[in-house]
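# Topology and contacts: notes
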Amino acid sequence: MPITEVPAHLRAAVDAAKEKVAALHAELPRWELVVWTAGNVSERVSNPDGDDLLVIKPSGVAYDDITPGSMVVCDLEGNLVEGDRSPSSDTAAHAYVYTHMPEVGGVVHTHSTYATAWAARAEEIPCVLTMMADEFGGPVPVGPFAIIGDDSIGRGIVETLSGHRSPAVLMRNHGPFTIGKDARAAVKAAVMVEEVARTVHVSRQLGEPLPIAQEHVDSLYARYQNVYGQH
Ligand SMILES: O=C(CO)[C@@H](O)[C@@H](O)COP(=O)(O)O
């Protein structure tokens, strides 16, 4: 049964998600992860009484014009539930991730320069920095080439990241998609994947970066994910 309007019991949660996701969009230009209208952020709105919803950016809207009121609400089929603009052109991908990865609460897509350059080569970013062990638990993987317009991008994200420690995937010839427990965590992963893509790129200009032993990757990841305080 398609959802044609936001259920009353989700109204407050949807409005809170609109405020949060609108504010998080400002982080993409702030960290220089996007140009013009590229990129998008979404967050799941869990529905204990039925199908979840997602809140996402309206398609093609300038970042300066993104407000809580401009955000769009869709069901997990990608159908519009609330909003006066078309949802992001990546809505199907976000929705597919939420449907097939129930632990994911936020999805981000950017075209950040260094991560996208790695995606253009379809080359994973090797785990040669302790920061990568912390945040990604190993290399940042590459996902398949996928044309926008159906759920092929979403399928590529899910096939690559399911069971993988990394919250980021470099979709071949396209750019990074990141996931997290909520939209803020996915935005953080987008910031971090661009940072490590740049650092490893710079390092490789002067030689071959040295790998980190798996045992050290594992212990760094465990510490960062379970002990290190992030607020
Ligand atoms: O990369 C793509 C599509 O995959 C861009 O068009 C995307 O970054 C921005 O599109 P939207 O404005 O979110 O519709």
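This section reports on the structure supplied with the text. Everything numeric here is computed off the predicted structure, so don't read it as measured data.

## With respect to the overall build of the chain
Secondary structure summary: the chain contains 8 helices and 8 strands in total. In terms of C-alpha radius of gyration, the chain reaches 17 Å, essentially the compact-globule figure of 17 Å for 231 residues. Based on the C-alpha atoms only, the size of the chain along its principal axes is roughly 55 × 35 × 30 Å. Per-residue burial over the chain gives 50% buried out of 231 residues. When contacts within the chain are restricted to residue pairs at least 6 apart in sequence, long-range pairs at least 24 apart make up 66% of them. Taking the average location of the 17 positive side-chain charges in the chain and that of its 30 negative ones, the two points are 5 Å from each other.

## Some details on unusual backbone geometry
Glycine aside, residues mostly have negative phi angles, and peptide bonds mostly take the trans form. In the Ramachandran plot, Glu32 falls in the positive-phi region, its phi being about 55° despite a non-glycine side chain. Its relative accessible area of 66% is what places Glu32 among the exposed residues. Non-glycine residue Trp36 carries a positive phi angle of around 55°. Its place among the elements puts Trp36 in the loop between helix H2 (27-30) and strand E1 (40-45). Given a relative accessible area of 77%, Trp36 falls into the exposed group.

Basis of the calculations
Residues numbered from 1 in each chain as written. Predicted model: local features only at pLDDT ≥ 70, side-chain atom pairs only at ≥ 80, totals over all residues. Heavy atoms only, no water. Helix = DSSP H or I, 4+ residues; strand = E, 2+ residues; numbered from the N terminus. Rg over C-alpha atoms; globule rule 2.2 N^0.38 Å. Buried < 20%, exposed > 50% of the residue type's maximum accessible area, 1.4 Å probe, protein only. Contact = heavy atoms within 4.5 Å. Lys, Arg positive; Asp, Glu negative; His and termini not counted. Charge placed at Lys NZ, Arg CZ, Asp CG, Glu CD.

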